[in-house]
Structures are given as C-alpha cells and as structure tokens.
Amino acid sequence: MRGTLVFAGSSCPELTDKICQNLGMARADAELTQFSNGETSVRILTSVREKDVFVVQSGSDKINDTIMELLIMISACKGGSANKITAVLPYFPYSRQSKKKSHRGAITARLLANLMDVAGVKHVVTVDLHASQMQGFFKCPVDNLHAEPLIARWIRRNVPEWQEAVVVSKNAGGTKRVTSLADALKLNFGMVTTDKRRGPSMAPSVIGYSLDGLERHPVLDAISNQVRNTTLSDSENGNPATNNGRSQDSRAAADVQGSPRLRANGTHSRNPANHKTPPSRSQTILSQSSVIDELDEEAEADELEYNDRRAHEVTHGRLVQGHVVPDDFPSSAASVADTSVPEEDPMAMSHASSFFGPQPHALGGSGDAGESSDEEDDLRNPKVEHMITLVGDVKDRTVLIVDDMIDKPGSWIAAAETVVKRGRAKKVYCIATHGVFGGDCLEQMQACDCIDTIVVTNSHPISEDKARNASKLVVLDLSFLLAEAIRRNHYGESMSPLFQHVMD
Amino acid sequence: MSAEMANEIKLISGRSHPELSEKIAKRLGIEVARTISLNYSNQETSFTVGESVRDEDVFIVQSTATGDVNEGLMELLIMISACRTASARRITAVIPNFPYARQDKKDKSRAPISARLVANMLQTAGANHIVTVDLHASQVSFFSVPVDNLYAEPSFLRYIRENFKTEDCVIVSPDAGGAKRATSIADHLNTAFALIHKERPRPNVVGRMVLVGNVEDKIAILVDDMADTCGTLVKAAAVLKENGAKSVLALVTHGILSGNAIETLNSSVLEALVVTNTVPLGDKVERCPKLRVIDISPTLAEAIRRTHNGESVSYLFNHAPV
C-alpha cells in the first residue's frame, strides 16, 4: 500500500510478517536493541515523513520492556514527522487491570492508554479487549476487533458434531462473551461457577438466584436438601451427584417449568426432541446473563436474602486445590480450618486483592467481562474449599469452554474436570482469543486428562519450545483480520464487515 | 502540625531500591508505607497501596536497577497512578537515577527523544513534582511540573576534603561535556583542573584520548555523572597514569555499572571508583574492592522534608547534610 509503513515490535515479528504478506508489502526496517544498562533503544531506519505508520506490538515475557519499546517507537515515528501513527495491539497489555479491584489499586490499563496518547498514537487497533469499556480510556479512536468469527468458523470446520456441542463459560463474568459465540453457532449454553464454601450448611447455587427472582418454593428447599443428603450418602460409588441429582432434578424441573416466567422465555429451536435438555433452560440462562453477572458480585449479600434452590441440570462438585474431588474427600473447610494441606501455595499469594479484602470484586461494578480469569487466585488456596457448580446438560456432548484469554490454568482445569467428571462430557475444547500461557500453564493444561484440545489465536506470541510439546494446542491465525483492519483503516473503509460471521 | 492531621509525608518505595528508601525513611523518622508490588504470571506489574493516602503528601522513591530499567519505570508509573486514583494531595516522584537520561536529543534521523517521553509519561501518570539527582539541565525543561534537581557535588566535596589534601589533587573531566562539573568542584576546592578530550565513534565505545592539563605527581580525580560500562573511565585513568599521575580515582554520581563494568574496573589502573547509592549496587561492592559508596539519602531525605514543609531546597545545592 502506498504511503504505509508497518513496523514490528520485538514481541511479534512473525505475526507482523504475516500481516505484511497479506497486505503485499514488506515490513518496515527498524533496529530494536537494548543498551547495556537495560534501556530500550529504537532506531527507525526508513523515512516516515508524512507516512501512515502502523506499529504492531503484542505481549511478551518481558511485558514492561515491550510496552516501553512500543511507546518509544511511537515517539520516534512522531518525532520523525509521521502523518498518523496507529498502534496495532493484538493483545492489549494490562487489559485485566481495567478497574480498581482493591482499595488504592491502579487502573493500569487506563494509564497505558494515556501513555500511548502522550507518546503520540492517533489510532488503536486491538482484538477482544478484556473489558470493552476500555475503549473509553483512549482519547483517540479504538477498533476493537473480534476473533469470534474466526473461532466460530474453526469450530464449524473442525469440531466433530459441533451442532450438538455445548458452549460453556467457566465463570459468571464471561457469560456475555460466551453467549455471543453460542448465538452465532446456535448452540446450547452452559456455565460453571465456583463459590467459596464457608460451612456445611451453605449450599451455594448461584444460578438458583436468577431463577427464583419472582417466586419462591419452600418445597424445593426440601428437595435441594434431599439432593444433598443423597449425594453425601452415596458418595462411595464414585460419581453420585449426577445420577442422584438427576432424578431429583426432574421433579424440580417440572416445578420450575410450570412457572409462567420460564414459559415466556422458553422458545428455542434446537434439540426439540431431547427431553433431558429442555432448551428453555439454556435460553433462560442466556437471556439472564447480565443478572447472573450482578448476582455473582453480590453473591454474599444474596445468600442472606434468598433461599437456596436447585435448578434443573445443576450439578455440584467440590473443588479442593483447584481439582474436582469425590464427595467423600476429607473436607478442610467444613471440619477444622486447614488440616488437610497446611502448606502455603505460592499461587495463592499471587494476587494483591486477596491480601486486602476477602471480596476482591466488591468494588468492581461493571458486571462485564472484567471478572473472568481474575478469580483464579484462591482456587489453589488449600484453606478454602470451593463448591463448583455446573449449569446445563453436557452429558455425552462435546463441550467448548470459552473465555477471552488463557493465562493461568487453574480455572480451566477445574471447569474441564467438572464438565467431564460431573457432567460426563464427551470431549472438552478450551477456546480463547489470547493464549498468554503464563508460567507452566500450557504444560499443566497439556497434562490435564479432561482437556482434549486448546484453541487460541496468535495474538500473543507462544514460544516454540512451549508449542512443540503441546500436542493439544491449536493456534488460529489472526493476521488476515489485522491486515484487513490496517487496509481498511488506511483507505478509510468501514470496519463493520470484519465483525460479521461468514457462513460457509 | 498534629499527627492526626492529614497531609503528612507518605513515603512509598518501589521494588528497585528498598535500601535507599529505608535510609530516607529512617532519616525522616517515619516508616515506609505498606504497599504490595508484584508481577502476575505474565509479568504484568500490579501495585496496591496498603494504607490510606487520601489528602497526604506522597513521595515515591524509585530508582532504576541496572538491566531492569523498564520494569522499574513501569512500576513507578503504576505507583503514581495508583496514588492519584487514591486521592493523594500531591505526588512527588523521587527518581535518584533518571531513566533514559542519555536519550535526550534527536542526534540521528528519527532518533527518539526518550527522556522527553519519560518526562511526559510521568506527568501523564499524575506526578506533581519530581526530585532527582544530577540530571542534565536540558532534561529538566522537558517537564512542565516543578523539578528539584539535586547535586551530588556537595557530597563529593566533603569526600575529597575528608580523604585527601586538596592541594595534592587535580580534578579531571573525562570529556568536554563534563568540564563544567569538574571546574565547579575544582573551584570549590581551589585545585587544578584538567580535561580529557575523546573521540566517541559509537555509544559505549571509546576512541582515542588526549589529555589537556598537567597531572604530574598529583592525585587525579576523575569526575562524571555516570559510570556505565566504565570503558571511558578506565581508558581515561590509563591516560592519566601515562601522563605521570600519582594515583587515579573517579567520583561518579550514578554507578550503573552494566555489562562487564566490574571486571573492567578490577583490572584497571583506577585506584578507586566512588559512587553514590542512587542506583542499587547489589553485590557489586563485594565483587569490586575498588568500589566505594557515598550515601546520598541524607540529601534526598532533606529535600523531601523541605519540599513537604515548603522550605527552600537551594541550601542543598551547596551543602550536604550529614
């Protein structure tokens, strides 16, 4: 393209080369080094005067170096009289720190937006921001592209019997993103949610709240207690919760389906013949995802106000140290605080908010995607036992667990184990846009028996060493999407077609 | 002011140089504020202030550790931003060793002026005031907020007076750019002055050197603002020795000492390298017997105290508090 230069940051030369290939041009020349004291040095080796400059930079293991490099590159291009500088950030760094999670924490994503602004960026192109509200942090226009059409197309082409698959969100915060994919593929939808288990009397069932907003059936409380009793007594035979839960659930379902509210919601086209999966359930959850979001945040308050109630197809499991355990597993939370594993897990120490408040999300009011993948941290805490709840029927089906990024493995493994061990899913695909894979995440997911395939895009570079040993890993190429965004930006064309699903 | 009133000094320390922060806090008779700084598994920095900073006068001390410049800088920006959102009354960034100080001009086509970028970034994050040591005057003007640029010179003067007879000394500038700094010290000590002219083909590479002035049978004291790979200093020391200097030592504000600096120093004719503790030195003092450290924390602490109380800082330009 005439008058355009595409520069690559040191984090993603391969992706940039692919983008340039799509655009039919060569990557512009820049020398990126570090001085011996660790300061970043940038030399732009070609004239940028009056050019339309695109700087592509993703994340890396040295994320702060990557950011400084991007800022200095932008600054250098600005100083070199570039006409317009666009930052192309397939993975937006610090996007998870987009709100004040704890008292006196920083909103680093906003800081980064301001820093890029001061460096001289005039336009930002990014993919699947963790929280779409972040677009408001910028003074300049932001194009938040979606990898969803790409992922949907991959699913349609590569997942056997994808029409029968169930899309599952691994936490309440990510439901919006997941319902969107479920809608696009016209699939059923489920959800996994974890709760801290604070005592034996508490039966956390988040989804229950969303269903009994209008009327309450004291009868059902009895049933839910019954379920609990049978579950506990039958614990010897390995997988009791689903079996016993099911017979009880059918009673519950009959009752719930009698409610006029659900009938109003209960119109769904797929799987009319499947009795065990009244599609109304999925649809109900789907339409109430925003309610669930709020409920998740206010779960503690709600527990005091509402009765516990089990909805149909709700499966519970116990999660100790990030793994689903049988029901007869010795309980640490219920008996004495921490007899089982006294050792301190470093994973639990890795989050600031867990130091200052027991409810890290108490201040987060957006109810958007913000929470997902933030709640990883005390999954590994040996002192806290979690109740993991699966909503939706996944029995003998393929499950697609979807979120925006894979960084830590804990919640993915917990969700995968839940759908397989408790929900008896046939196959599990873990799907995310950004494969950040911090630490030994990829190794752990590769080692997890319950995960069959891991699907990410190349928005975040994955080191070859890691990828070579991960036979389950599938990496989708984003370069066409980004190249098209660059081309359309340069020629002033509309971006909208890039958001649409292409049926083929 | 009573202790209950708001607007006290809150000293916040970054992770790059906690020892310096502790020394400053001790000198001020306060505690370093409780904070939590950590890196996520993907190396993103996270920072939380553990106590209220609402309406307080916040001083954030962050140096830049050699090799981890960007890490320290990003952490500083995040710390400033966190205090800003936590309603601090004023945020002063105490940056003893200003990062990217050398990239302050467009010396080549399309070279970035990174020092100006850093200045803008600090202001964007929300810094109201900057305290630093031996920054070039040209960079002070990158800021639109007040900058207190302190000098290590008074500390150096005291060191020379305490350790040498001033009439035996000659102050040497290792390059033409540092002549002003060297003459200022020479004037204060009333000693002779010399200058080494050098050709520098590329950064961190030293070319031919020519001595201007007489150092015969004198203690030659090289004075500079930073010692990075130490190539310049060591070559200058050799030139001084060749020209008959009795012994050669170097007084440098910022001991960055990257790359093979320690090995270069150990095998050099340089008798001693005296640096301030603006930059964390880690185990370098143990690895290099020639390395001596002057504590700069009294100057920084006094600057913080005076800034907080609204007193003049100019006293510190000529006097080093003990």
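A quick note: this is a predicted structure, and the numbers were derived from the prediction, not measured.

### Looking at the overall build of chain A
Next, step 1: On a plain count of helices and strands, chain A comes out with 17 helices and 16 strands.
Next, step 2: Expressed as a percentage of its 504 residues, the buried residues of chain A come to 60%.
Next, step 3: When the accessible surface of chain A is split by element, carbon and sulfur atoms take 50% of a total near 19,000 Å².

### Focus on the overall build of chain B
Next, step 1: Along the backbone of chain B there are 11 helices and 14 strands.
Next, step 2: The C-alpha atoms of chain B give a radius of gyration of 20 Å, which matches the 20 Å a tight globule of 322 residues would have.
Next, step 3: Taken across its 322 residues, chain B has 61% of its residues classed as buried.
Next, step 4: In chain B, which carries 35 positive and 37 negative side-chain charges, the distance between the mean positions of the two groups comes to 4 Å.

### A look at the packing of helix H2 (residues 63-79) of chain A against helix H3 (residues 108-119) of chain A
When two helices pack together, their arrangement is captured by the angle between the axes and the distance separating the axes.
Residues and elements named next belong to chain A.
Next, step 1: At their nearest, the axes of H2 and H3 sit 8 Å apart, and the two run at 25 degrees to each other. What the angle tells us is that H2 and H3 run roughly parallel. Judged by residue contacts, Ile67, Leu70, Leu71, Ile74, Ser75 and Lys78 of H2 engage Leu112, Leu115, Met116, Val118 and Ala119 from H3.
Next, step 2: Taken together, the residues that form the contact of H2 with H3 break down as nine nonpolar, one polar and one charged.

### Comments concerning unusual backbone geometry
Residues and elements named next belong to chain B.
Next, step 1: The residue Asp55 is not glycine, and still its phi comes out positive at about 65 degrees.
Next, step 2: At Asp134, a residue that is not glycine, the phi angle is positive and equals roughly 50 degrees.
Next, step 3: With respect to the helices, strands and loops of the structure, Asp134 is situated in the loop between strand S6 (129-133) and helix H4 (137-140).
Next, step 4: The exposure class assigned to Asp134 is buried, which follows from its relative accessible area of 13%.

### Quick notes on the pairing of strand S4 (residues 52-56) of chain A
Next, step 1: Judged by how many residues are buried, S4 of chain A sits mostly within the fold: five of five residues are covered.
Next, step 2: After leaving S4 of chain A, the chain enters H2 of chain A and then returns to the sheet as strand S5 (residues 84-89) of chain A, a path that is right-handed.

### As for the nonpolar core
Next, step 1: Core analysis: the largest hydrophobic core is formed by 79 residues, its most contacted members being Phe7 and Met116 of chain A together with Ile12 and Leu122 of chain B.
Next, step 2: Met25, Ala147, Ala152 and Leu498 of chain A belong to the second largest nonpolar core, which has 42 residues in total.

### Some details on the side chain of Ser13 of chain B
All names here are of chain B.
Next, step 1: With respect to the helices, strands and loops of the structure, Ser13 is situated in strand S1 (residues 9-13).
Next, step 2: Note on Ser13: relative accessible area 12%, which makes it buried.
Next, step 3: At 2.8 Å, the side chain of Ser13 and the side chain of Ser21 are in polar contact.
Next, step 4: What Ser13 contacts, discounting residues up to four positions off in sequence, is Pro18, Ser21, Val32, Thr35, Val61 and Met79.

### Considerations on the interface of chain A and chain B
Next, step 1: Opposite the 59 residues of chain A that make contact, chain B presents 53 residues.
Next, step 2: Both faces considered, chain A and chain B share a buried interface measuring about 4,400 Å² in area, 57% of it formed by carbon and sulfur atoms.
Next, step 3: Taken together, chain A and chain B are joined by one salt bridge.
Next, step 4: The salt bridge involving Lys62 of chain A is made with Asp68 of chain B; its shortest N-O contact spans 3.6 Å.
Next, step 5: On the surface where chain A and chain B come into contact, there are 20 residue pairs in polar contact (both at pLDDT 80 or more).
Next, step 6: Where the side of chain A that touches chain B is concerned, the elements lending two or more residues are strand S3 (40-44), H2, H3 and helix H13 (353-356) of chain A.
Next, step 7: Here the residues of the side of chain A that touches chain B are counted per class, giving 25 nonpolar, 22 polar and 12 charged.

### Looking at the sheet that holds strand S6 (residues 123-127) of chain A
Residues and elements named next belong to chain A.
Next, step 1: Read from one edge to the other, the open sheet built from five strands follows the order S1-S4-S5-S6-S7, with strand pairing classed as parallel. Both edges of this open sheet fall to strand S1 (4-8) and strand S7 (142-145), since each of them pairs with a single strand only. Ignoring strand direction, the axes of neighbouring strands in this sheet form an average angle of 15 degrees.
Next, step 2: Across five bridges, the pairing between S1 and S4 is parallel. Across the sheet, residue Val6 finds its bridge partner in S4, namely Phe54.
Next, step 3: Along the sheet, H2 contacts S1, S4 and S5; its crossing angle with S5, the most-contacted strand, is approximately 165 degrees.

### Thoughts on the UniProt feature "domain: Ribose-phosphate pyrophosphokinase N-terminal" (unreviewed entry) in chain A
Next, step 1: UniProt's feature table lists "domain: Ribose-phosphate pyrophosphokinase N-terminal" (unreviewed entry) at residues 5-120 of chain A, given in the numbering used throughout.
Next, step 2: Across residues 5-120 of chain A, the secondary structure splits into 34% helix and 22% strand, with the terminal C-alpha atoms separated by 16 Å.

### Description of the sheet that holds strand S5 (residues 90-95) of chain B
All names here are of chain B.
Next, step 1: Taken in spatial order, the five strands of this open sheet run S1-S4-S5-S6-S7, and their pairing is parallel. This sheet does not close on itself; its edge strands, each paired only once, are S1 and strand S7 (147-150). On average, adjacent strands in this sheet sit at an angle of 20 degrees to one another, irrespective of strand direction.
Next, step 2: For S1 and strand S4 (residues 57-61), the ladder comprises five bridges, and the chain directions are parallel. For Leu11, the partnering residue across the bridge sits in S4 and is Phe59.

### Some remarks on the packing of H2 of chain A against helix H2 (residues 69-85) of chain B
Next, step 1: Axis separation between H2 of chain A and H2 of chain B bottoms out at 8 Å; the angle between their running directions is 85 degrees. The orientation of H2 of chain A with respect to H2 of chain B, classified from their angle, is roughly perpendicular. Residues Asn64, Asp65, Ile67 and Met68 of chain A of H2 of chain A form the contact with H2 of chain B, whose participating residues are Asn70, Glu71, Leu73 and Met74 of chain B.

### Looking at the pairing of strand S15 (residues 453-457) of chain A
All names here are of chain A.
Next, step 1: Counting buried positions over the five residues of S15 gives five, a clear majority of the element.
Next, step 2: Every second residue of S15 is oriented toward a common face, with Thr453, Val455 and Thr457 on one face and Ile454 and Val456 on the other, all of them buried.
Next, step 3: In terms of strand pairing, strand S14 (residues 427-435) meets S15 through three bridges, oriented parallel. Residue pairing across strands places Ile431 opposite Val455, the latter belonging to S15.
Next, step 4: For the crossover from S14 across helix H15 (residues 441-447) to S15, the handedness is right-handed.
Next, step 5: As judged from the four bridges shared by S15 and strand S16 (residues 473-476), these two strands associate in the parallel manner. In the sheet register, Ile454 faces S16, and the bridge partner there is Leu473.
Next, step 6: Once you follow S15 into helix H16 (residues 464-469) and on to S16, the crossover reads as right-handed.

### Some points on the pattern of salt bridges
Next, step 1: Scanning the entire structure with this criterion turns up 29 salt bridges over all chains.
Next, step 2: Asp117 of chain A is the partner of Lys139 of chain A in a salt bridge, and the nearest nitrogen-oxygen pair spans 3.5 Å. Of this pair, Lys139 of chain A sits in the loop between S6 and S7 while Asp117 of chain A sits in helix H3, and the two are 22 residues apart along the sequence.
Next, step 3: Residues Arg287 of chain B and Glu263 of chain B are paired through a salt bridge, measuring 3.6 Å at the closest nitrogen-oxygen approach. Remark: Glu263 of chain B occurs in helix H8 (residues 261-266) and Arg287 of chain B occurs in helix H9 (residues 284-287); sequence separation between them is 24 residues.
Next, step 4: Owing to a relative accessible area of 39%, Arg287 of chain B belongs among the partly exposed residues under this scheme.
Next, step 5: Through salt bridges that share partners, Lys170, Arg177, Asp403 and Asp404 of chain A make up one connected network.

### Brief notes about the packing of aromatic side chains
Next, step 1: Per the counting criterion, the structure on display carries four aromatic pairs over all chains.
Next, step 2: When the centroid spacing of 6.1 Å and the interplanar angle of 70 degrees are considered together, the rings of Trp154 of chain A and Tyr429 of chain A count as edge-to-face. One end of the pair, Trp154 of chain A, is in helix H4 (residues 148-158); the other, Tyr429 of chain A, is in strand S14, and 275 residues separate them in sequence.
Next, step 3: When the centroid spacing of 5.7 Å and the interplanar angle of 80 degrees are considered together, the rings of Phe98 of chain B and Phe143 of chain B count as edge-to-face. Placement of the pair is Phe98 of chain B in the loop between S5 and helix H3 (114-125) and Phe143 of chain B in the loop between H4 and S7, with a sequence separation of 45 residues.
Next, step 4: For Phe98 of chain B, a relative accessible area of 5% corresponds to the buried category.
Next, step 5: Looking at Phe143 of chain B, the relative accessible area reads 9%, which means it is buried.

Conventions adopted
- Residues numbered from 1 in each chain as written.
- Chains lettered and ligands numbered in written order.
- Predicted model: local features only at pLDDT ≥ 70, side-chain atom pairs only at ≥ 80, totals over all residues.
- Heavy atoms only, no water.
- Helix = DSSP H or I, 4+ residues; strand = E, 2+ residues; numbered from the N terminus.
- Buried < 20%, exposed > 50% of the residue type's maximum accessible area, 1.4 Å probe, protein only.
- Areas by Shrake-Rupley, 256 points an atom, 1.4 Å probe, with all protein chains shown as cover.
- Rg over C-alpha atoms; globule rule 2.2 N^0.38 Å.
- Lys, Arg positive; Asp, Glu negative; His and termini not counted.
- Charge placed at Lys NZ, Arg CZ, Asp CG, Glu CD.
- Axes fitted to C-alpha atoms, helices over the stretch in contact; angles between N-to-C directions.
- Parallel < 35°, antiparallel > 145°, perpendicular 65-115°, else oblique.
- Contact = heavy atoms within 4.5 Å.
- Nonpolar A, V, L, I, M, F, W, Y, C, P; charged D, E, K, R; others polar.
- Right-handed = clockwise from strand over helix to strand, strands pointing away.
- Core = buried A, V, L, I, M, F, W, Y, C linked by side-chain atoms within 4.5 Å.
- Polar contact = N/O pair within 3.5 Å; in protein donor to acceptor, adjacent residues only side chain to side chain.
- Buried area = accessible area lost by both parts, 1.4 Å probe.
- Salt bridge = Lys/Arg side-chain N within 4 Å of Asp/Glu carboxyl O.
- Pairing = 2+ DSSP bridges.
- UniProt positions renumbered as here; feature names shortened; annotations may be inferred.
- Phe/Tyr/Trp six-rings, centres within 6.5 Å; stacked < 30°, edge-to-face > 60°.

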